[in-house]
Amino acid sequence: MTATASQRSNRPPDPEQEARIARLRAANINPRTGLATDYLNHFNEAIMLLEMIPDMPECVEDFLGWHPLSYREHFTASNFKARELAINSYDSADPGVRTEFDNITGAMTSILTAVSSAMREAKQDRTRTTLAEQATGWVKPLVALAGGIINGGSEADIENIMASE
């Protein structure tokens, strides 16, 4: 441990910072990243609907009713108790972390939007089933990656997790 690290650990805790961390934790917002896993429920809903399509083709209509929402839009429209805190924390998150997170959620949104368009054009249930299965295979790992970013995992941690599955 360096002298600087030692000196930091001897400093009295900042009560304001501790209170902020406690508020974030109570709201299920990661204090290190400023991001909340609740946003991933938006994508998990789409995945759940896609997974139902092979057994219940009529669920296509439910999936087609799903619409992409940005992080801010999701929390603004939600009943999440600490939605303002979630939005403010996102806005003040480390720009690098937020960009990486936004790139992944943007990729998920692009995939789901493209699959939705293709399903609207498809005439056969088998085609829709294939689209649903492919989209699920693409989006699920991205949700896991986004969860890793929210929880403060590094890219190496995420790669190790994905390799062990």
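Keep in mind the model is a prediction, meaning the values are calculated, not measured.

Some details on the side chain of Thr136
Move 1: Along the chain, the position of Thr136 falls in helix H8 (residues 125-150).
Move 2: Looking at Thr136, the relative accessible area reads 11%, which means it is buried.
Move 3: Excluding its chain neighbours within four sequence positions, the residues that come into contact with Thr136 are Ile47, Leu50, Glu51 and Pro141.

Details of the confidence of the model for the protein
Move 1: Summing up the model confidence of the protein, the mean pLDDT is 88 and the portion of residues at 70 or higher is 86%.
Move 2: Scored below 50 in pLDDT, residues 1-7 shows 1 contact in the model against residues more than four places distant or in partner chains.
Move 3: In this model residues 156-161 is a low-confidence stretch, pLDDT under 50, and it forms 4 contacts with partners more than four residues away in sequence or in other chains.

Some words on the side chain of Ser89
Move 1: Within the secondary structure, Ser89 is located in helix H6 (residues 83-91).
Move 2: Judged by relative accessible area, which is 4%, Ser89 ranks as buried.
Move 3: In contact with Ser89, other than residues within four places in its own chain, are Leu24, Ile29 and Gly34.

Regarding the nonpolar core
Move 1: Leu50, Phe63, Phe101 and Met119 are the most contacted members of the largest nonpolar core, which totals 41 residues.
Move 2: At the level of secondary structure, the elements contributing two or more residues to this core comprise helix H3 (40-52), helix H4 (60-64), helix H5 (71-77), H6, helix H7 (95-121) and H8.
Move 3: In terms of residue count, the dominant contributor to this core is H8 (9 residues).
Move 4: Once residues lying within four places of it in the same chain are set aside, the contact partners of Leu50 are Phe63, Leu112, Val115, Met119, Ala132, Ala135 and Thr136.

Things to note about unusual backbone geometry
Move 1: The phi dihedral of Asn28 is positive, around 60°, even though this residue is not glycine.
Move 2: Within the element layout of this structure, Asn28 appears in the loop between helix H2 (15-26) and H3.

Digging into H8
Structurally, the α-helix is built with 3.6 residues per turn, so residues lying three or four positions apart point the same way.
Move 1: For H8, with 26 residues, the first-to-last C-alpha span of 36 Å sits near the 38 Å given by 1.5 Å per residue.
Move 2: Positioned one or two residues after H8, Gly152 has a phi angle of 80°, which is positive.

Regarding the packing of H7 against H8
Move 1: Orientation of H7 relative to H8, taken along the N-to-C sense of each, is 170°, at an axis distance of 10 Å. As judged from the angle between their axes, H7 and H8 are roughly antiparallel. For the pair H7 and H8, the contacting residues are Val97, Glu100, Phe101, Ile104, Ala107, Met108, Ile111, Leu112, Val115, Ala118 and Met119 in the first and Arg128, Leu131, Ala132, Ala135, Trp138, Val139, Leu142, Val143, Leu145, Ala146, Ile149 and Ile150 in the second.
Move 2: Residues belonging to the contact of H7 with H8 are distributed by class as follows: 21 nonpolar, no polar and 2 charged.

Rules and cut-offs
Residues numbered from 1 in each chain as written. Predicted model: local features only at pLDDT ≥ 70, side-chain atom pairs only at ≥ 80, totals over all residues. Heavy atoms only, no water. Helix = DSSP H or I, 4+ residues; strand = E, 2+ residues; numbered from the N terminus. Buried < 20%, exposed > 50% of the residue type's maximum accessible area, 1.4 Å probe, protein only. Contact = heavy atoms within 4.5 Å. pLDDT = per-residue confidence, 0-100. Core = buried A, V, L, I, M, F, W, Y, C linked by side-chain atoms within 4.5 Å. Expected span 1.5 Å × (residues − 1). Axes fitted to C-alpha atoms, helices over the stretch in contact; angles between N-to-C directions. Parallel < 35°, antiparallel > 145°, perpendicular 65-115°, else oblique. Nonpolar A, V, L, I, M, F, W, Y, C, P; charged D, E, K, R; others polar.

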